[in-house]
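Now for the letters of each chain:
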Amino acid sequence: MTSSREQSCMSINQRSVTETKKKKKDALFSSLPPVWCFPPLSSTTSSVSKMKFENVLAEVNGFGRFQIRTLLLLVIPRMTLPFHFLLNNFISVIPSHRCNIRALDDGEIFRNLSLEDKLVASIPLQSDGSPSSCQMFAEPQYHLLYNSTNSTDLPTIPCQDGWVYDNSVFKSTLATEWDLVCDKRSVNRVTATIFFMGVMLGAAVFGYLSDRFGRKGTLLVSYIMTTIFGFASAFSYNFNMFAAMRFFTGFGISGISIISIVLCIEWVGIKHRTLVGVLMSLDWSFSTILLPGVAYFVNDWRYLTATVTSPLLPAIVCWRWLPESARWLISTGKVNSAHFHLTKCAKINRREEFIADLKPEILSKVILVEDENRKYSYMDLVKTPKMRRLALLTGIVWFGVACVYYGISLNVPGFGVDIYLTQFIYAISEIPGKIFIIFFLNKLGRRWTQAGTLGFTGLCLFCNIFVPQNMWIARTAFGAAGKMFAEAAFTTVFLYTTELYPTVMRQNGLGFSSFAARTGVSLSPLVMILEDIKSYLPNIIFILVACIASVSTSFLPETLNVRLPETIEDIEQTRRRSIPTSDENATL
């Protein structure tokens, strides 16, 4: 009896101890935020396997001082993006010009005339009464000094000794440097196309390199390449050299464009992705506001090109303080490096108590991939059905957004106002677009915001078709409104695309999308040439492109409050919505 009682007591004590341990374990899990609250599991390994990177990021603070510092470090190089992308508006301006009339100097009579009389005898008038910019008389017509009304039947020839330019606004431009006027006038628009062809190719290359070798190292290559070729452009001694240098400048700067946004978004929690995406686009708007002021005071194209490249020098110095993407490191099996950067993030955000218990081997379970040694490429965009569909739709949307945006942005002189004032108005108009886009992205979601901004951009362009050229206030108003909606569309598409593609393919996906966008940008200056045939033709084409892109957006999935996908398998399966709760928000 005694023995059985002792055994019974021991059994009761063991159950009591077991229940006490179980209660402590359950209490530990219940004290953590809801994102960490897993059902009772048989082992630690099985609970870890259900962790996601967002869980880890929430614990180290998904938007703390570490993320703000990273954002500020990326603002410096991103200043150069609008500077270079819109530089062509100022360096390729064609000022007022006329033929150099030295060849008509036939002796004392011509030399004794005033400059005004020389021009009357040498330059024919156009139908609107203004002097011709590209023609001159074959010989001086002195009788026009007494009767200048009958000059239509007189023989004219193209300019023989070059041109004389009005340097009152621009000290020097590409047109004045290499006489890109008259028959060579279209070459000015081609310079923009050459630059954006470099951006187009660079997007594809840097997208691949960033997914293969990491965000941080590839970003440094982009910094250095843009700096070298940007300054080389300013010292070009002929147009062919300048065109080549601008191509490689565009090639390098595309890396800054696509890598910086991905690096920042990958370090931010779900709750703050919209805010950070919009904040990163604000550096574009504020730099666009600065550009006309810089161009006004630095009105020589060589000095201006060097000036807009110079922010990359401090950016190279500050590069050392940028982190590598922990998501990318984990997805490629480099968990020790990921743990190092997460530890640094936790210390800066004052969350050291959490990181002390987080071991590298636990991180290897956070992002599950089939093969850590697998190297992804652009071919993976088309190997599976949903990735193939995603690539097609995002390519169409990016083409439409970029083509329409730069169709407006690169046509600053076409709205009948001073070029500096128009550029400033366009830049200011982007700020309201950034403010309202935050509200709509969080309320309507990414998909309908993207479709709506494209639709309203097309509507503004449609209205502008019916506004006469002399009504410059109305034309500028519609142009500024279209620019505002186009910028809102561009802000949305960067954030939206970053959320659509998985970590292992995010830079490849953004690189492909940017490639499609730069194809549209490269075509925009060529579309503008059609205005020589009919003034409304470019607007009609841009409206059609905006409508097609808007419709294509409706076929994309919504990403509002959805976890970032990590692998291609996440895309092929339906992702679950992950809405932060109030408890999770408290940890953020």
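Residues numbered from 1 in each chain as written. Predicted model: local features only at pLDDT ≥ 70, side-chain atom pairs only at ≥ 80, totals over all residues. Heavy atoms only, no water.

A.B. asks: I keep staring at the overall build of the protein chain and nothing clicks. Help me out?
C.D. replies: Of regular secondary structure, the protein chain possesses 27 helices and four strands. Taken across its 588 residues, the protein chain has 53% of its residues classed as buried. By element, 62% of the accessible surface of the protein chain is carried by carbon and sulfur atoms, the whole surface being about 26100 Å². (Helix = DSSP H or I, 4+ residues; strand = E, 2+ residues; numbered from the N terminus. Buried < 20%, exposed > 50% of the residue type's maximum accessible area, 1.4 Å probe, protein only. Areas by Shrake-Rupley, 256 points an atom, 1.4 Å probe, with all protein chains shown as cover.)

A.B. asks: When you look at the nonpolar core in this model, what are you seeing that I'm missing?
C.D. replies: A general trend in soluble globular proteins is that nonpolar side chains are found buried together. The biggest cluster of nonpolar side chains holds 92 residues, and the ones touching the most others in it are Phe85, Phe90, Phe196, Tyr223, Met387, Tyr406 and Phe490. Top element by residues in this core is helix α12 (residues 239-265). It accounts for twelve residues. Among residues more than four places away in sequence, those in contact with Tyr406 are Phe85, Leu86, Phe196, Trp284, Phe490, Arg518, Val521 and Ser524. Counting 20 residues, the second-largest nonpolar core is a separate cluster that includes Val56, Leu263, Ile330 and Ala346. (Core = buried A, V, L, I, M, F, W, Y, C linked by side-chain atoms within 4.5 Å. Contact = heavy atoms within 4.5 Å.)

A.B. asks: Honestly, a nonpolar patch on the surface in this entry has me stumped. Any pointers?
C.D. replies: Together, Phe439, Phe440, Leu444 and Trp448 line one region of the surface with nonpolar side chains, adding up to about 420 Å² of accessible area. The class for Phe439 is partly exposed, based on a relative accessible area of 47%. (Patch = residues over 30% accessible without salt bridge, like charges linked within 9 Å, V, L, I, M, F, W, Y side chains within 5 Å. Salt bridge = Lys/Arg side-chain N within 4 Å of Asp/Glu carboxyl O.)

A.B. asks: How do you make sense of the state of the cysteines when you look at a structure like this?
C.D. replies: The bond known as a disulfide is covalent and runs between the sulfur atoms of two cysteines. All chains considered together, the criterion is met by two disulfides. What pairs with Cys99 in a disulfide is Cys159, and their sulfur atoms sit 1.7 Å apart. For the disulfide bridge between Cys99 and Cys159, the dihedral angle about the S-S bond is near -65°, and by the sign convention the bridge is left-handed. Note that Cys99 is positioned in strand β1 (residues 97-99) and Cys159 in the loop between β3 (156-158) and β4 (163-165), a separation of 60 residues in sequence. On the accessibility criterion, Cys159 (13% relative accessible area) is buried. (Disulfide = S-S within 2.5 Å.)

A.B. asks: What exactly am I supposed to notice about the packing of aromatic side chains here?
C.D. replies: Here the structure, examined in full by the defined rule, presents 31 aromatic pairs. For the ring pair Phe85 and Phe196, a centre distance of 5.5 Å and an interplane angle of 85° mean the geometry is edge-to-face. Of the two residues, Phe85 sits in helix α5 (residues 80-85) while Phe196 sits in helix α10 (residues 187-213), which places them 111 residues apart along the sequence. For the pair Phe85 and Phe196, one class covers both residues: buried. Centroid distance Tyr405 to Phe490: 5.3 Å. Interplanar angle 90°. Geometry classified as edge-to-face. Pair noted here: Tyr405 is in helix α20 (residues 385-409) and Phe490 is in helix α23 (residues 472-500), with a separation of 85 residues, a long-range link. Residue classification places Tyr405 among the buried residues on the basis of a relative accessible area of 1%. Among the aromatic residues, those joined into a ring-pair cluster are Phe85, Phe195, Phe196, Trp284, Trp398, Tyr405, Tyr406, Phe490 and Phe494. In this arrangement the basic side chain of Lys216 is found over the ring face of Trp319, its NZ or CZ atom lying 4.8 Å from the centre. (Phe/Tyr/Trp six-rings, centres within 6.5 Å; stacked < 30°, edge-to-face > 60°. Lys NZ or Arg CZ within 6 Å of the ring centre and 35° of its normal.)

A.B. asks: Would you mind going over helix α13 (residues 273-297) with me for this structure?
C.D. replies: Two residues of an α-helix separated by three or four positions point the same way, owing to the 3.6 residues in each turn. Relative to the 36 Å expected for 25 residues at 1.5 Å per residue, α13 spans 37 Å between its end C-alpha atoms, a close match to the ideal helical length. If you look at α13, its biggest bend is around 25°, right at Leu290, and the proline Pro292 turns up within four residues after that. (Expected span 1.5 Å × (residues − 1). Bend = angle between axes of the 7 residues up to and from the residue.)

A.B. asks: Mind showing me how you'd approach unusual backbone geometry here?
C.D. replies: For residues other than glycine, phi is negative in most cases, and the peptide bonds are mostly trans. Unusually for a residue other than glycine, Asn61 sits at a positive phi of about 80°. Summarising the element assignment, Asn61 is placed in the loop between α3 (53-59) and α4 (65-78). A relative accessible area of 11% places Asn61 in the buried class. In this structure, Asn561 takes a positive phi of about 60° despite not being glycine. Following the sequence through the fold, Asn561 ends up in the loop between α25 (537-553) and α26 (568-572).

A.B. asks: What's the story with α23 in this structure? I'm lost.
C.D. replies: Under the 1.5 Å per step criterion, the end-to-end length of α23 is 41 Å for 29 residues, consistent within 8% with the ideal 42 Å. Counting buried positions along α23 yields 23 of 29 residues, so the element is predominantly enclosed.

A.B. asks: Explain the packing of α4 against helix α17 (residues 335-348) here, please?
C.D. replies: Each pair of packed helices can be described by the angle between their axes along with the distance between the axes. Between α4 and α17, the least distance of the axes is 7 Å, while the angle of their chain directions is 105°. It follows that α4 is roughly perpendicular to α17 by the angle criterion. On α17, the residues that touch Arg65, Phe66, Gln67 and Arg69 of α4 are Lys344, Cys345 and Ile348. Across the contact of α4 with α17, the residue classes break down as three nonpolar, one polar and three charged. (Axes fitted to C-alpha atoms, helices over the stretch in contact; angles between N-to-C directions. Parallel < 35°, antiparallel > 145°, perpendicular 65-115°, else oblique. Nonpolar A, V, L, I, M, F, W, Y, C, P; charged D, E, K, R; others polar.)

Function cannot be inferred from these measures alone, as they are strictly geometric.
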